[in-house]
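Results of the structural survey
Residues per chain are reported as follows:
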Amino acid sequence: MTLPERTNEMAGVYVRGCLELAGELGLRSINLRSKMQETDGWQKKYLSDGLHLTAEGNAVVFQEVVSVFNEAWLSAAEMPYDFPPHSEIDGKNPEKAF
């Protein structure tokens, strides 16, 4: 079996499949690919290496997730944390944060 190419076009095929499945299951979904592509130069602005998000890319994800929460009358600020904020974890002694 030949694996599909890792291209933006194939990513679109995958995204459409995920969105379709979410719809069939009655789940909310966010089309981050389309949202990011609304911005000129989105690949360099939102992706550090073509896959991993930059700080600006993470901000888009955060804004979109919070928007979905707000539409469902959920407040991200009032949700409990399972883990401490990343900024409070000492990389040399991470267990102290838990």
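The structure contained in this document is the topic of the report that follows.

Cut-off values and rules
- Residues numbered from 1 in each chain as written.
- Predicted model: local features only at pLDDT ≥ 70, side-chain atom pairs only at ≥ 80, totals over all residues.
- Heavy atoms only, no water.
- Helix = DSSP H or I, 4+ residues; strand = E, 2+ residues; numbered from the N terminus.
- Rg over C-alpha atoms; globule rule 2.2 N^0.38 Å.
- Buried < 20%, exposed > 50% of the residue type's maximum accessible area, 1.4 Å probe, protein only.
- Polar contact = N/O pair within 3.5 Å; in protein donor to acceptor, adjacent residues only side chain to side chain.
- Expected span 1.5 Å × (residues − 1).
- Contact = heavy atoms within 4.5 Å.
- Phe/Tyr/Trp six-rings, centres within 6.5 Å; stacked < 30°, edge-to-face > 60°.

Description of the overall build of the chain
Within the chain one finds four helices and zero strands. Starting at the N terminus, the α and β elements of the chain follow one another as α-α-α-α. By the compact-globule yardstick of 13 Å for 98 residues, the chain is too spread out, its C-alpha radius of gyration being 17 Å. In terms of its C-alpha atoms, the chain occupies a principal-axis envelope of roughly 45 × 35 × 35 Å.

Here we look at the environment of Asp90
Position of Asp90 among the secondary structure elements: in the segment after helix H4 (55–71). On the accessibility criterion, Asp90 (38% relative accessible area) is partly exposed. At 3.0 Å, the side chain of Asp90 forms a polar contact with the backbone nitrogen of Lys92.

Here we look at H4
The end-to-end C-alpha distance of H4, which contains 17 residues, comes to 24 Å, matching closely the 24 Å that a straight helix rising 1.5 Å per residue would cover. In this structure, the buried residues of H4 make contact with helix H2 (32–37) and helix H3 (42–46). Count one or two residues on from H4 and you reach Trp73, which has phi positive near 60°.

What about the packing of aromatic side chains?
In total, this model carries one aromatic pair according to the counting rule given. Seen from their ring centres, Phe83 and Phe98 are 6.0 Å apart, and the 80° between their planes marks the pair as edge-to-face. With Phe83 in the segment after H4 and Phe98 in the segment after H4, this pair connects stretches of sequence that are 15 residues apart. By the burial criterion, Phe83 is exposed, and Phe98 matches it.

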